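Below are the chains, spelled out letter by letter.
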Amino acid sequence: MTRSPTTRDEVLDAAASLVRQHGPAALTMRRLAAELGTAVTSIYWHVGNRESLLDALVRRTVEEMGALRPVGRTPAERILSVARTLRHELRERPHLIAMVHERGLTERMFLPAQQALVHEVHAAGLRGARAADAVRAVQFQIVGFLLVERNRERAPAQSPAESEFWDPAAAPDDPSLARALARPADPERLFLLSVRALVTALLAPAAEGPGSSPAPG
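The shown structure was predicted, so the numbers you read here are calculated from the model rather than taken from an experiment. (Residues numbered from 1 in each chain as written. Predicted model: local features only at pLDDT ≥ 70, side-chain atom pairs only at ≥ 80, totals over all residues. Heavy atoms only, no water.)

**Focus on the overall build of the protein**
Next up, step 1: Check the secondary structure of the protein and you find 11 helices and 0 strands.
Next up, step 2: In the protein, the order of α-helices and β-strands from amino to carboxyl end is α-α-α-α-α-α-α-α-α-α-α.
Next up, step 3: For the protein, whose C-alpha radius of gyration is 23 Å, the value lies well above the compact-globule estimate of 17 Å for 217 residues.
Next up, step 4: Counting only C-alpha atoms, the protein reaches 80 × 50 × 35 Å along its principal axes.
Next up, step 5: In the protein, buried positions account for 33% of the 217 residues.
Next up, step 6: Expressed as a percentage of contacts within the protein between residues at least 6 apart in sequence, the contacts between residues at least 24 apart total 69%.
Next up, step 7: Total accessible area on the protein is roughly 13,500 Å²; 56% of this is exposed by carbon and sulfur atoms. (Helix = DSSP H or I, 4+ residues; strand = E, 2+ residues; numbered from the N terminus. Rg over C-alpha atoms; globule rule 2.2 N^0.38 Å. Buried < 20%, exposed > 50% of the residue type's maximum accessible area, 1.4 Å probe, protein only. Contact = heavy atoms within 4.5 Å. Areas by Shrake-Rupley, 256 points an atom, 1.4 Å probe, with all protein chains shown as cover.)

Have a look at this one:
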């Protein structure tokens with residue numbers, strides 16, 4: 001049976017898979033050709049040299065990161081959905097995201113998420129500098145949480161472990177807290193908890209300043 005010709009999309013799919021699993025250093029034209037069961041010359045015909053291939057992967061990653069579809073009944077729920085999606089997409093593509101960053105396209109990659117957040121903070125009634133602060137606060141929370149999360153994942157095994165520091169005697173006034181801290185952290189739950197609390201605070205009505213007139217009774 002004759003194999004159908006390799007397409008450009010198949011080349012990019014295979015290249016992205018190699019980078020995801022093993023990092024950019026593992027992406028050679030010879031290895032990519034072997035993965036696809038085709039000749040190296042076919043790879044060059046579709047994508048040019050290796051640098052052109054990396055550029056194509058970066059462009060594709062930027063496009064994929066722009067496919068955000070907020071869901072939820074309220075602005076707060078939709079902002080939370082953007083945060084969850086963005087964290088998931090960033091976690092799925094660490095090596096590809098690093099390549100985007102190295103080529104100076106990080107801000108372009110984040111623009112669709114920012115635009116989605118702007119739409120939702122406007123829907124919640126925020127405008128001007130307060131709206132801009134809300135958008136950036138959510139974005140920084142997502143990226144900052146992810147950096148801490150990945151650092152914890154890459155850290156060597158700790159001895160003693162966190163669980164060994166916390167027993168009921170360590171917090172006699174709150175033994176349930178000690179038991180909770182002795183258990184492994186649940187990053188997904190903590191992420192949702194922190195973003196939800198941040199969004200609730202950001203979207204809350206602005207406090208009345210000095211000299212404000214009281215609301216009619």
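**Digging into the packing of aromatic side chains**
Next up, step 1: Applying the stated criterion across every chain, the model contains 1 aromatic pair.
Next up, step 2: With 5.2 Å between their ring centres and 65° between their planes, Phe-145 and Phe-191 make a pair best called edge-to-face. Placement of Phe-145 in helix 8 (residues 128–154) and of Phe-191 in helix 11 (residues 187–203) is noted, with a sequence separation of 46 residues between them.
Next up, step 3: With a relative accessible area of 0%, Phe-191 lands in the buried category.
Next up, step 4: The ring of Phe-191 has Arg-87 sitting right over it, with the charged end atom 5.1 Å from the ring centre. (Phe/Tyr/Trp six-rings, centres within 6.5 Å; stacked < 30°, edge-to-face > 60°. Lys NZ or Arg CZ within 6 Å of the ring centre and 35° of its normal.)

**Brief notes about the packing of helix 7 (residues 106–123) against helix 8**
Next up, step 1: Their axes nearest at 9 Å, the elements helix 7 and helix 8 cross at an angle of 130°. With respect to each other, helix 7 and helix 8 are oriented oblique. You can see that helix 7 and helix 8 cross each other, and the crossing is right-handed. Judged by residue contacts, Phe-110, Gln-114, Leu-117, Val-118 and Val-121 of helix 7 engage Ala-131, Ala-134, Val-135, Val-138, Gln-139 and Val-143 from helix 8.
Next up, step 2: Of the residues belonging to the contact of helix 7 with helix 8, the class tally is 9 nonpolar, 2 polar and no charged. (Axes fitted to C-alpha atoms, helices over the stretch in contact; angles between N-to-C directions. Parallel < 35°, antiparallel > 145°, perpendicular 65-115°, else oblique. Left-handed = near helix turned anticlockwise from the far one by under 90°. Nonpolar A, V, L, I, M, F, W, Y, C, P; charged D, E, K, R; others polar.)

**Thoughts on the packing of helix 1 (residues 8–22) against helix 2 (residues 29–36)**
Next up, step 1: Where helix 1 contacts helix 2, the two axes come as close as 10 Å, and the packing angle between them is 115°. Of the possible angle classes, the one that applies to helix 1 and helix 2 is roughly perpendicular. The two elements helix 1 and helix 2 cross, and the hand of that crossing is right-handed. When helix 1 is examined against helix 2, the residues Glu-10, Val-11, Ala-14, Ala-15, Leu-18 and His-22 are found in contact with a partner set consisting of Arg-31, Leu-32, Glu-35 and Leu-36.
Next up, step 2: Its residues assigned to classes, the contact of helix 1 with helix 2 comprises 6 nonpolar, 1 polar and 3 charged.

**Examining the side chain of Arg-87**
Next up, step 1: With respect to the helices, strands and loops of the structure, Arg-87 is situated in helix 5 (residues 75–92).
Next up, step 2: Overall, the relative accessible area of 8% leaves Arg-87 in the buried class.
Next up, step 3: In this structure, Arg-87 is in contact with Ile-142, Phe-145, Glu-149, Pro-187, Glu-188 and Phe-191, ignoring residues within four places of it in sequence.

**A look at helix 11**
Next up, step 1: Helix length check: helix 11, at 17 residues, gives a terminal C-alpha distance of 24 Å against a target of 24 Å (1.5 Å per residue), a fit within 8%.
Next up, step 2: Burial in helix 11 covers these residues: Phe-191, Leu-192, Val-195, Val-199 and Leu-203. Buried residues in helix 11, looked at end-on, bunch into an arc of 90°, giving them a common side. Away from the buried face of helix 11 by more than 90 degrees, exposed residues Arg-189, Thr-200 and Ala-201 are located.
Next up, step 3: Its buried side turned inward, helix 11 meets helix 5, helix 7 and helix 8. (Expected span 1.5 Å × (residues − 1). Arc of directions from axis to C-beta.)

**Quick word on the nonpolar core**
Next up, step 1: Residues Leu-27, Leu-32, Leu-53 and Leu-57 are the most contacted members of the largest nonpolar core, which totals 52 residues.
Next up, step 2: Leave out the neighbours within four places in its chain, and Leu-57 touches Leu-12, Ala-15, Ala-16, Val-19, Leu-27, Leu-96 and Met-99. (Core = buried A, V, L, I, M, F, W, Y, C linked by side-chain atoms within 4.5 Å.)

**Regarding the confidence of the model for the protein**
Next up, step 1: Here the protein shows a mean pLDDT of 87. Residues at 70 or above account for 93%.
Next up, step 2: Within the protein, no element has a lower average pLDDT than helix 9 (residues 162–165), which sits at 78, and none a higher one than helix 11, at 97.
Next up, step 3: Low pLDDT (under 50) marks residues 208–217, which in the prediction has 2 contacts with non-local residues, meaning those over four places away or in another chain. (pLDDT = per-residue confidence, 0-100.)

**Structural notes on the side chain of Gln-139**
Next up, step 1: Its location among the elements puts Gln-139 in helix 8.
Next up, step 2: When residues no more than four places from it in sequence are discounted, the contact partners of Gln-139 are Phe-110 and Gln-114.

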